Amino acid sequence: MATMDGPGPHATRPLLNRRLAEFGTTIFAEMSALAAATGAINLGQGFPDTDGPEEVREAAIRAIRDGRGNQYPPGPGVPELRTAISEHQRRFHGLTVDPDTGILVTAGATEAIAASLLALVEPGDEVVALEPYYDSYAACVAMAGGHRVPVTLRPRDGAYHLDLDELRDAITDRTRLLLLNTPHNPTGTVLTREELTAIAALAVERDLLVITDEVYEHLVFDGEHLPLAGFPGMRERTLTISSAGKTFSYTGWKVGWVTGPAELVTAVRSAKQFLTYVASGPFQYAVAEGLRLPDAYFTGLRDDLRLKRDLLSAGLADAGFAVYRPAGTYFVTTDIRPLGEEDGFQFCRKLPERCGVVAIPNAVFYDHREQGAPFVRFAFCKKEAVLREAVDRLRKLAG
Ligand SMILES: *Cc1c(COP(=O)(O)O)cnc(C)c1O
């Protein structure tokens, strides 16, 4: 029998494989533990502190009671949800998606991202992605054996901008796909019609596949969200990812989806069936009802978060941060240099003790960590009273 001492089979090499070795525990775990230990207000991780619409929650309860989705749902997702997603794409974006062949329901957008990359990337393929990245992108590209190639969004005039020449230069003969995210987490940038037109032209010219993460599609405060799949030449090469987590404030339900042309969606399904196979049965029925809520729900969610963005942005500016006011998402990025600070990691580790607030150092979202060093991200998807208290506490920094 194996014992705990002596050289075992694990002694000769590290346990975690080399693809994942660079990804330790996420910063969110560290910072949330710090929030719990110090009683600080957690503006680190982006989850709402109130539940979403009552009728959607009731629909989930009803589905469980009625025995809908309590056993394995169909692999592509329950037909009711696929129909609702198809209707949603037409109603909000004017896009036509086939509910039978063009939609795959996943365990959150997270699984949609993982399954898409595992399905489409060969070892050695390059994946071009906007940096700073949502944290799962780099790990999923690595698990697929791909190489990530960052194109850095640059802060300028109070917002982050994509340099289209830099994007063009990043594409090589080994580029398999573009991995985009708009509205963009963590910077809050919403890609414009001009930028998306240029990206689409480039994807067509270089014959690239595109995965576009649009989970914040309903959270645009300035300008508008334009799905990349609606641009010329994009329909046949684009997988669009979204999720009920952010749109309905039920991040724990893990209902996401990917839409696109049949061949691409079929490929993603090949990977997805061996990850979770299926998930979130009863919640799928509930999300179908959510997607059919009247426009007032979607505009109400957005208007509420816009006020919260403004409240937190103003408070952060008063406290002495330079603020990059986001056009969309749950997050505001700040520059700590006006406070006499340089290092976001150190700053975030001390912040709970200094004034009882938790934030996330943007450096964790970069390969080029130095690019993100003096930036710190705060989430504003919290109750107004919580944000007011956080702003009061942060005022201490102004001295
Ligand atoms: C929250 C988030 C996700 C993950 O969505 P889930 O549905 O919770 O898995 C994916 N991408 C971005 C950009 C996000 O902010």
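Conventions used here
Residues numbered from 1 in each chain as written. Predicted model: local features only at pLDDT ≥ 70, side-chain atom pairs only at ≥ 80, totals over all residues. Heavy atoms only, no water. Helix = DSSP H or I, 4+ residues; strand = E, 2+ residues; numbered from the N terminus. Expected span 1.5 Å × (residues − 1). Buried < 20%, exposed > 50% of the residue type's maximum accessible area, 1.4 Å probe, protein only. Arc of directions from axis to C-beta. Contact = heavy atoms within 4.5 Å. Near = heavy atom within 4 Å. Polar contact = N/O pair within 3.5 Å; in protein donor to acceptor, adjacent residues only side chain to side chain. Areas by Shrake-Rupley, 256 points an atom, 1.4 Å probe, with all protein chains shown as cover. Nonpolar A, V, L, I, M, F, W, Y, C, P; charged D, E, K, R; others polar.

Below, the discussion takes up helix H7 (residues 193-205). Counted at 1.5 Å a residue, the expected span for H7 with its 13 residues is 18 Å, and the 18 Å between its end C-alpha atoms agrees. Those residues of H7 that fall on the buried side of the exposure criterion are Glu-195, Leu-196, Ile-199, Ala-200, Leu-202 and Ala-203. Taken end-on, H7 shows its buried residues confined to a sector of 165°, consistent with a single buried face. Exposed residues pointing more than 90 degrees away from the buried face of H7 are listed as Glu-194 and Glu-205. Buried residues belonging to H7 abut helix H6 (164-170), strand S7 (175-181) and strand S8 (209-213). One or two steps after H7, the chain reaches Asp-207, where phi turns positive at roughly 50°.

Once that is clear, we can look at unusual backbone geometry. Look at the link from Glu-131 to Pro-132: it is a cis peptide, with omega at 0°. Following Asn-185, the chain continues to Pro-186 via a peptide bond in cis, the omega torsion being 15°. Backbone geometry places Tyr-277, a non-glycine residue, at a positive phi of 65°. Turning to its location among the elements, Tyr-277 is positioned in the loop between helix H9 (262-272) and helix H10 (281-291).

Around the ligand there are 13 residues in total, and Thr-110, Asp-213, Tyr-216, Ser-243 and Lys-246 lie nearest to it. Asn-185 places a polar side-chain atom, nitrogen or oxygen, 3.0 Å from an oxygen atom of the ligand. Here Ser-243 contributes a side-chain N or O atom positioned 2.6 Å from an oxygen atom of the ligand. In the complex, the protein chains occlude 94% of the 390 Å² of accessible area that the ligand would expose alone. The element best represented in the shell around the ligand is helix H4 (residues 108-120), accounting for four residues. When grouped by side-chain class, the residues that make up the shell around the ligand number five nonpolar, five polar and three charged.

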